[in-house]
Amino acid sequence: MKTEIISPVYMKLQEEISALYEQWVRALSQQTVVIKEKIDGKQFPLLPQVDLQFNEKDYHSFLQDLFKAVKENKPELGEDLVKIEAKLDGETLAKWFQEAVIVNTYYFADWAEKNSVPEWLPVFAAEHAVRPYLHKASIELQDELPKQGHTGGCPCCGEPARMALINKNGKKELICPRCHSTWEQKKIACAHCGSDAQGEVMVLKLEEDERAEIYACKSCKGYTKVIDTRKLLEVPAPEILDLKTIHLDYIAQEKGYGLSEDKQH
Ligand SMILES: [Zn+2]
Ligand SMILES: [Zn+2]
C-alpha cells in the first residue's frame, strides 16, 4: 500500500511504538486494569463507565520507553523531552493518565503551553502510553462487548469507527486502532449511522489497489476504510494499518465524506 504521504521518519517511529505496545501489553498481562463493578446497564462505549486501575510506575516506564524512541528518531526534541520528564511527578502522571483515557486535547494543549513544549508532544506521549491499558481493558471486557452489530463507534473506547477488515471468512470486521477491539458488521452497512438500505452505502474502489476500498454513506456522509486481509501477505497492527492507508482518508475526505464524530486524532 502507498505510504509516501507519511514521512519515513514518522513511520519508523510509529512502527517502533507499535512494537513497544506489545511489550507494554505483556507487562500488564498479570494485572487487572478494569474495576468491573462500576458497569451499569448495556450502554456503549463501556470504558467511560469504568475506572481503570493505574500503576504510576508502569505508566511512567511506558512514557520513558516512548521518550527514548522519540529522541532516537527526532533528536531535535531532546530538550523538550527533558523538560517534560522533569515535570512528571506522581500527581501529573495520574492526571495525564486520566485525561488521556478521555482524550482531553484541551488539557494537553494547555499543559504544553504552560510548559513551553510543542503542542502535539504531551498528548502524543500520554495517548500512546495509555493505549496498552485500553487494549488490556478491551481484553478484560471481552464478554461484555458486542461481537457483532451496529454500535456507531468503538463499543469499548468510543473511538469513531474508521477501519474494517475483511477477514478470512469474508466477513467485515470493524477494528479499533486505539484499543484493538473488533466487532463484525453486515458487509454493506454504514459503520456510523447503521444504514443498510439499498444504494445508501457506496463502495469506492481504487484503480491501483484492489486490497482496499472506501465505504461511503449517502445518508450520514460517513466513511469507513475496508481492507481485504485475504489479499495481504502480512496483516500489520491496526494502528500501523490505519497509518498505511491514510491515503484512503484523504480520498474520502476530498470527496466530502468524514468521520461522524469530532473526536478524531
Ligand atoms: Zn476502541
Ligand atoms: Zn451512514
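Note that the structure is a prediction, hence the values are computed from the model and not measured.

**Structural notes on the coordination of the zinc ion (ligand 1)**
Geometry reference: four tetrahedral donors at a metal, ideal angle 109.5 degrees. Six octahedral donors, ideal angles 90 or 180 degrees. The protein atoms that coordinate the zinc ion (ligand 1) are Cys154 (SG), Cys157 (SG), Cys176 (SG) and Cys179 (SG), at distances spanning 2.3 to 2.4 Å. One chain supplies every donor to the zinc ion (ligand 1), and in sequence these donors are spaced C-x2-C-x18-C-x2-C. Here cysteine 157, found in the loop between helix 6 (120-140) and strand 3 (163-166), pairs with cysteine 176, found in the loop between strand 4 (172-175) and strand 5 (182-185); they are 19 residues apart in sequence, far enough to count as distant.

**Examining the sheet that holds strand 6 (residues 201-206)**
Strand order in this open sheet of 6 strands is 5-4-3-8-7-6, and the pairing throughout is mixed. Here the strands that pair on one side only, and so sit at the sheet edges, are strand 5 and strand 6. The mean inter-strand angle of the sheet, taken between neighbouring strand axes irrespective of direction, is 30°. Here strand 4 pairs with strand 5 via 4 bridges, running antiparallel. When the bridges of strand 5 are listed, lysine 172 appears paired with glutamine 185. The strands that helix 8 (residues 246-254) touches are strand 6, strand 7 (209-217) and strand 8 (223-228); relative to strand 8, the one it contacts most, it runs at about 145°.

**Here we look at the coordination of the zinc ion (ligand 2)**
Taken together, the protein donors to the zinc ion (ligand 2) comprise Cys190 (SG), Cys193 (SG), Cys217 (SG) and Cys220 (SG), at separations of 2.3 Å. Taken together, the 4 donor atoms surrounding the zinc ion (ligand 2) define angles of 104 to 113° at the centre, an arrangement classified as tetrahedral. Cysteine 217 gets classed as buried once you look at its relative accessible area, which sits at 1%.

**Comments concerning the nonpolar core**
With 61 residues, the main nonpolar core has Leu47, Leu52, Tyr59, Leu63, Ile84, Trp96 and Leu141 as its most contacted residues. If you list the elements that add at least two residues to this core, you get helix 1 (8-28), helix 2 (56-73), helix 3 (78-87), helix 4 (90-101), helix 5 (105-114), helix 6, strand 3 and strand 7. Take this core: its biggest share by element is 9 residues, from helix 6. Viewed by domain, this core spans two of them, domain 1 (8-144) and domain 2 (163-254), each represented by three or more residues. With near-sequence residues (within four places) excluded, leucine 63 lies in contact with Leu88, Leu93, Trp96, Ala125, Ala126 and Ala129.

**Here we look at the pairing of strand 7**
In terms of burial, strand 7 is largely enclosed, as 7 of its 9 residues are buried. Bridging between strand 6 and strand 7 involves 6 bridges; their strand directions are antiparallel. Residue leucine 204 lies in a different strand from strand 7, and its bridge partner there is isoleucine 214. Between strand 6 and strand 7, which pair antiparallel in sequence order, lie 2 residues. In this sheet, strand 8 lies alongside strand 7 in antiparallel orientation, the contact comprising 5 bridges. Bridging across to strand 8, alanine 216 finds its partner in tyrosine 223. Hairpin connection of strand 7 to strand 8: 5 residues between the antiparallel strands, including lysine 221 at a positive phi of 65°.

How each quantity is defined
One numbering rule holds for all chains: residues counted from 1, following each sequence as written. Chain letters start at A and ligand numbers start at 1, both assigned in the order the entries are written. In keeping with the predicted nature of the model, local features appear solely for residues at pLDDT of at least 70, side-chain atom pairs appear and are counted solely at 80 or more, and the whole-chain, interface and lining totals rest on all residues. Calculation of side-chain values draws on the structure's entire complement of heavy atoms; hydrogens and water are dropped beforehand. For Na, K and Ca the donor cut-off is 3.2 Å, while for other metals it is 2.8 Å, and in both cases only N, O and S atoms qualify; water is not among them, so sites may look incomplete. A run of H or I in DSSP becomes a helix once it reaches four residues, and a run of E becomes a strand once it reaches two; helices and strands are each numbered from the N terminus. At least two bridges found by DSSP between two strands is the condition for calling them paired. Where helices are involved, their axes are fitted lines through C-alpha atoms of the stretch in contact, as for all axes, and angles between N-to-C directions lie from 0 to 180°. What makes two residues a contact is simply this: any of their non-hydrogen atoms within 4.5 Å. Site shape is set this way: if four donors have all angles between 85 and 135 degrees, tetrahedral; if opposite donors are over 155 degrees apart and all others between 65 and 115, square planar for four donors and octahedral for six; otherwise irregular. Categorising residues by exposure relies on relative accessible area from a 1.4 Å probe, with only protein chains included: less than 20% of the type maximum marks a residue as buried, more than 50% marks it as exposed, and the intermediate range marks it as partly exposed. The criterion is simple. A nonpolar core is a set of buried Ala, Val, Leu, Ile, Met, Phe, Trp, Tyr and Cys residues joined through side-chain atoms within 4.5 Å. Each domain span listed reflects an automatic or database assignment of domains.

It is worth stressing that arrangement in space is one thing and function is another; only the former is reported here.
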